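Report on the structure
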2 protein chains.
Amino acid sequence: MENQTIDIGALENLIQALKQLPGIGEKTATRLSHHIIRQPEMYAQTLAHSILEAREKLQTCAVCCNFTETPICSICSHPQRKSDLVCVVETPADLAAFEKARHFTGKYHVLHGSISPLDGVHENKLKIKELQDRIKKDQVQEVILATNPTVEGDTTALYIARLIKTNGLKVSRIAYGIPVGSEIEYLDGATLGKALQNRVAL
Amino acid sequence: MENQTIDIGALENLIQALKQLPGIGEKTATRLSHHIIRQPEMYAQTLAHSILEAREKLQTCAVCCNFTETPICSICSHPQRKSDLVCVVETPADLAAFEKARHFTGKYHVLHGSISPLDGVHENKLKIKELQDRIKKDQVQEVILATNPTVEGDTTALYIARLIKTNGLKVSRIAYGIPVGSEIEYLDGATLGKALQNRVAL
């Protein structure tokens, strides 16, 4: 009675391919596969095409390492954005969040991760060398470290700060504090502590 | 300063395509896209190929409606499985779970869902007509309704039972009770109630 379902090789292949995505386990991969098979054929074609197209067309910007379809991305090639002010973020998604907020007029640098030895991510896997080269080449005046407020993000910020700090270069970390619109009652002690510590004179 | 990231059309396309998968929102789709772009090109090709292959090759079995690469699946064409005993399940994943348990020697019928008017799934979207045809054609003696123990699953089971019940046909529902290996202390009241109600004489 065993090996009854061995003939569904194509389904198994799809499940295995989907399982390699981060955060997708066997059950989710199975559910997604069934969904793809049930959809009109057009959807499978669009999805497959988008995957190939994205993988083929997208490259990392030669300056900031963000994903782009051109050798240099539109932010780095924008004439009105300051080249001497660089905001360092962990991922393209973080960059997008800052862009959406529309408060930053400088350029970015995407590290593509944070230092996390337990996950096998060491400093040489991140785009730190590219940042150093860029600081020299573009005569950067200030580097804002906007990595996540996590142990890994903090470690990465500290590591980079020590590495790049010279007399001429200002290095800063984005502020910790209470998020706008939050309720103090529900905020954690660490955040409130930082908010008190970094209080601003009125 | 707006529309700075418009040049990454291929990325946006991939995110939009992934977002259409069930349970995948904007953030997850973005994370998955970045992962796909960062992997070696081979992975994107394998994934795209598996999607197309699965969608192309897989069809529903003419008898039980499970996914298969042949017109009739290996379970339905197996000579030693009883054709007159049919276990009705909601999804191919449920079928796989029963097969893994290796306790069932009959054949299956996959409904591809459960009646859920709020989600727009009405009885005519499920493979119920196919089940009725099959009961007549294969002279089925017993139908075991193994839909999920949820409101939708129970409704579906009840609906099918009323529809197919005739004098000659036995219709049953899989048993509710305490799961093997569970701790009574942590089980919900509804399950314990059912377990008491359906107690078996020793």
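Note that the structure is a prediction, hence the values are computed from the model and not measured.

On to the relation of the copies chain B and chain A. Of the transformation placing chain B onto chain A, the axial shift is 0.0 Å and the rotation is 180 degrees, giving an RMSD of 0.1 Å. One copy is carried onto the other by what is essentially a two-fold rotation axis. In terms of C-alpha distance to the rotation axis, chain B has B:A48 as its closest residue, with the C-alpha 2.1 Å off the axis. By residue overlap, the copies meet face to face through one surface: 100% of the interface positions of chain B are interface positions in chain A.

Each pair of packed helices gets described by two things: the angle between the helix axes and the distance between those axes. All names here are of chain B. It is at 11 Å that the axes of helix α5 (residues 128–137) and helix α6 (residues 151–164) come closest, and there the two elements cross at 35 degrees. Here α5 runs over α6; the crossing is right-handed. Here I128, L131, Q132 and I135 of α5 lie close against α6, whose contacting residues are Y159, I160, L163 and I164. Classifying every residue of the contact of α5 with α6 by side-chain character gives 7 nonpolar, 1 polar and no charged.

Time to look at the pattern of salt bridges. Tallied over the full model, the rule gives 13 salt bridges over all chains. Taking the shortest distance from any N to any O, the salt bridge between A:K19 and A:E26 comes out at 3.0 Å. With a relative accessible area of 31%, A:K19 lands in the partly exposed category. One salt bridge connects B:D138 with B:R134, and the closest N-O pair in it is separated by 4.0 Å. Overall, the relative accessible area of 5% leaves B:R134 in the buried class.

Before going further, it helps to examine unusual backbone geometry. In the Ramachandran plot, A:R102 falls in the positive-phi region, its phi being about 55 degrees despite a non-glycine side chain. Mapped onto the elements, A:R102 comes out in the loop between α4 (92–101) and β4 (107–110). One non-glycine residue, B:Q139, adopts positive backbone phi at about 50 degrees.

The subject of this paragraph is the environment of A:D138. All names here are of chain A. For D138, the location among the structural elements is in the loop between α5 (128–137) and β5 (142–145). Under the relative-accessibility criterion, D138 is labelled partly exposed at 28%. Considering only alpha carbons, one finds D138 and L85, 53 residues apart in sequence, at a separation of 9.6 Å. Not counting residues up to four positions away in its chain, the partners in contact with D138 are V63 and S83.

Right, let's talk about the nonpolar core for a bit. Core analysis: the largest hydrophobic core is formed by 38 residues, its most contacted members being A:I36 and B:I36. Ignoring any residue separated from it by four or fewer positions in sequence, one finds A:I36 in contact with A:L14, A:L18, A:Y43, A:A44, A:L47, B:L21, B:I51 and B:R55.

All names here are of chain A. Of the residues making up α4, those classed as buried are P92, D94, L95 and E99. Burial along α4 is one-sided: seen end-on, the buried residues are contained in an arc of 155 degrees. R102 occupies a position one or two residues after α4 and carries a positive phi of about 55 degrees.

Turning our eyes to something else, we now look at the sheet that holds strand β3 (residues 85–89) of chain A. Residues and elements named next belong to chain A. What the 4 strands build is an open sheet, ordered β4-β3-β5-β6; its pairing is parallel. Pairing within the sheet leaves two strands with one partner each, and these edge strands are β4 and β6 (170–173). Within this sheet the neighbouring strands show an average axis-to-axis angle of 25 degrees, counted without direction. For β5 and β6, the ladder comprises 4 bridges, and the chain directions are parallel. The residue bridging L145 from the neighbouring strand is R173, located in β6. Its contacts with the sheet put α4 on β3 and β4, and the angle it makes with β4 is roughly 160 degrees. Of the strands in this sheet, β3, β4 and β5 are in contact with α5, which crosses β4 at around 150 degrees.

With that out of the way, let us pick up the packing of aromatic side chains. The description of an aromatic ring pair rests on the distance of the ring centres and on the angle between the ring planes. Taken as a whole and assessed by the stated rule, the structure comprises 2 aromatic pairs over all chains. With a centroid separation of 5.1 Å and an interplanar angle of 55 degrees, the aromatic rings of B:F104 and B:Y108 are classed as tilted. Each member of the pair, B:F104 together with B:Y108, is buried. Sitting over the face of the ring of A:Y176, A:K194 holds its NZ or CZ atom 4.8 Å from the ring centroid.

This part is about helix α2 (residues 26–38) of chain B. Over its 13 residues, α2(B) extends 18 Å from the first C-alpha to the last, a length consistent with the 18 Å expected when each residue adds 1.5 Å. Buried residues belonging to α2(B) abut α3 (41–57), β2 (67–68) and α4 of chain A together with α1 (9–19) and α3 (41–57) of chain B.

Residues and elements named next belong to chain A. For the pair helix α1 (residues 9–19) and helix α2 (residues 26–38), the least separation of the axes is 8 Å and the interaxial angle reads 125 degrees. As judged from the angle between their axes, α1 and α2 are oblique. As α1 packs across α2, the resulting crossing turns out to be right-handed. Between α1 and α2, the contacting residues are L11, L14, I15, L18 and K19 on the first element and E26, A29, T30, L32, S33, H34, I36 and I37 on the second. When the residues that make up the contact of α1 with α2 are grouped by side-chain class, the tally is 8 nonpolar, 3 polar and 2 charged.

Definitions and limits used
Chains are numbered independently. Their residues run from 1 in the order of the written sequence. Think of it this way: whatever chain is written first is A, whatever ligand is written first is 1, and the rest follow in order. Two thresholds apply to this predicted model, a pLDDT of at least 70 for residue-level local features and 80 or more for giving and counting side-chain atom pairs, whereas whole-chain, interface and lining totals are computed over all residues. Excluded from the side-chain calculation are hydrogens and water; included are all heavy atoms of the structure. The superposition of copies rests on a least-squares fit of C-alpha positions from residues with pLDDT of 70 or more in both. Whether two residues touch is decided by their heavy atoms; if any such pair falls within 4.5 Å, the residues are in contact. Angles run from 0 to 180 degrees between N-to-C directions of axes, and those axes are lines fitted to C-alpha atoms, restricted for helices to the stretch in contact. Working definition: helices are DSSP H or I runs of at least four residues, strands are E runs of at least two. Numbering for both runs from the N terminus. A crossing counts as left-handed when the near helix is turned anticlockwise from the far one by less than a right angle, and as right-handed when that turn is clockwise. Throughout this entry, Asp, Glu, Lys and Arg are counted as charged residues, while Ala, Val, Leu, Ile, Met, Phe, Trp, Tyr, Cys and Pro are counted as nonpolar. The remaining residues, Gly among them, count as polar. Salt bridges are defined by distance alone: a side-chain nitrogen of Lys or Arg within 4 Å of a carboxyl oxygen of Asp or Glu. Burial status follows relative accessibility: with a 1.4 Å probe on protein chains alone, a residue under 20% of its type maximum counts as buried, one over 50% as exposed, and anything between as partly exposed. Nonpolar cores were defined as sets of buried Ala, Val, Leu, Ile, Met, Phe, Trp, Tyr and Cys residues, with membership established by side-chain atoms within 4.5 Å. The arc in question is the one traced by the directions running from the helix axis out to the C-beta atoms. Strand pairing is assigned whenever DSSP detects at least two bridges linking the two strands. Each aromatic pair joins two rings of Phe, Tyr and Trp (for Trp, the six-membered one) with centres within 6.5 Å, and gets the label stacked for planes under 30 degrees apart, edge-to-face for over 60, and tilted for any other angle. The criterion is that NZ of a Lys, or CZ of an Arg, lies within 6 Å of the ring centre and within 35 degrees of the ring normal, and then a charge sits over that ring. For a helix, the expected span equals 1.5 Å multiplied by the number of residues minus one. Note on terminology: angles under 35 degrees are roughly parallel, angles over 145 are roughly antiparallel, angles of 65 to 115 are roughly perpendicular, and the others are oblique.

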